Amino acid sequence: MAGTGFHTADELNALLPGTLPGLLGITITAHEPGRLDAALDVRPDLLAPNGYLHAATVVGLADTACGLATRALLPEGSTGFTTIELKSNFLGTVREGRIAVVATNAHAGRTTQVWDGVVTDTGSGRTIALFRCTQSVLWPR
């Protein structure tokens, strides 16, 4: 993954079909180094049995945004990255509509990157989750 550098939102969207983010219906809406915006439309198959948005859907959106954004900040010579920790605080939920995330870089070091994601209900503007993950930068052996 190193050397992949910066990709436009359209280039990143082209990577998603046939992957979990593609199945979830995630769309990258904007990308610049250190920040990525993405969204998905809530569908019945993304809900939990209780009729509310499944937590894994929210985590999938946030982790995808942070992971794709990591690519643009990988140090020269690294071979990629992998998520080593993630946490999500859920503040609300939805049953329909659209949710969006803004992923921002909190730390871009030689061995780790830390990313924050704020997930919102686009209809009301309410924050429904706060997400943080740590990415381990991979190097050749």
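Before any of the text, the structure's been laid out above.
Attention here is on the structure that accompanies the text.

For the protein, the helix and strand inventory stands at 3 helices and 6 strands. Each helix (α) and strand (β) of the protein, taken in turn from the N terminus, gives the series α-α-β-β-α-β-β-β-β. Rg of the C-alpha trace for the protein: 15 Å, near the compact-globule value of 14 Å for 141 residues, within the 12% margin. Counting only C-alpha atoms, the protein reaches 45 × 30 × 25 Å along its principal axes. Considering only residue pairs separated by 6 or more positions, the protein has 63% of its internal contacts joining residues 24 or more positions apart. Charged side chains of the protein number 10 positive and 12 negative; the gap between the two group centres comes to 6 Å.

Attention now moves to helix 3 (residues 55-70). For helix 3, with 16 residues, the first-to-last C-alpha span of 22 Å sits near the 22 Å given by 1.5 Å per residue. Within helix 3, 12 of the 16 residues are buried, leaving the element largely enclosed by the surrounding structure. Inspection of helix 3 places Thr 57, Val 58, Gly 60, Leu 61, Ala 62, Thr 64, Ala 65, Cys 66, Gly 67, Leu 68, Ala 69 and Thr 70 among the buried residues, and these make up the whole buried set.

Moving on, we come to the pairing of strand 1 (residues 27-32). Both strand 1 and strand 2 (residues 35-41) contribute to a ladder of 5 bridges, which runs antiparallel. When the sheet's bridge partners are listed, His 31 is paired in strand 2 with Leu 36. Once strand 1 ends, the chain turns through 2 residues before running back antiparallel as strand 2, passing Gly 34 with a positive phi of about 95 degrees.

Taken as a whole, the largest pocket holds about 260 Å³ of empty space. Pro 21, Thr 64, Gly 67, Leu 68 and Phe 81 are the residues nearest the centre of the largest pocket, which is lined by 13 residues in total. Looking at the lining of the largest pocket, the elements that each hand over two or more residues are helix 3 and strand 3 (80-90). If one sorts the elements of the lining of the largest pocket by residue count, helix 3 sits on top with 4 residues. Of the residues assigned to the lining of the largest pocket, the class counts are 6 nonpolar, 5 polar and 2 charged.

Parameters and conventions
Residues numbered from 1 in each chain as written. Predicted model: local features only at pLDDT ≥ 70, side-chain atom pairs only at ≥ 80, totals over all residues. Heavy atoms only, no water. Helix = DSSP H or I, 4+ residues; strand = E, 2+ residues; numbered from the N terminus. Rg over C-alpha atoms; globule rule 2.2 N^0.38 Å. Contact = heavy atoms within 4.5 Å. Lys, Arg positive; Asp, Glu negative; His and termini not counted. Charge placed at Lys NZ, Arg CZ, Asp CG, Glu CD. Expected span 1.5 Å × (residues − 1). Buried < 20%, exposed > 50% of the residue type's maximum accessible area, 1.4 Å probe, protein only. Pairing = 2+ DSSP bridges. 1 Å grid on protein atoms, 1.4 Å probe; cavity = no way out; pocket = protein on both sides within 12 Å on 5 of 7 lines; lining within 4 Å. Points joined across faces, edges and corners; volume = space filled by probe spheres on them. Nonpolar A, V, L, I, M, F, W, Y, C, P; charged D, E, K, R; others polar.

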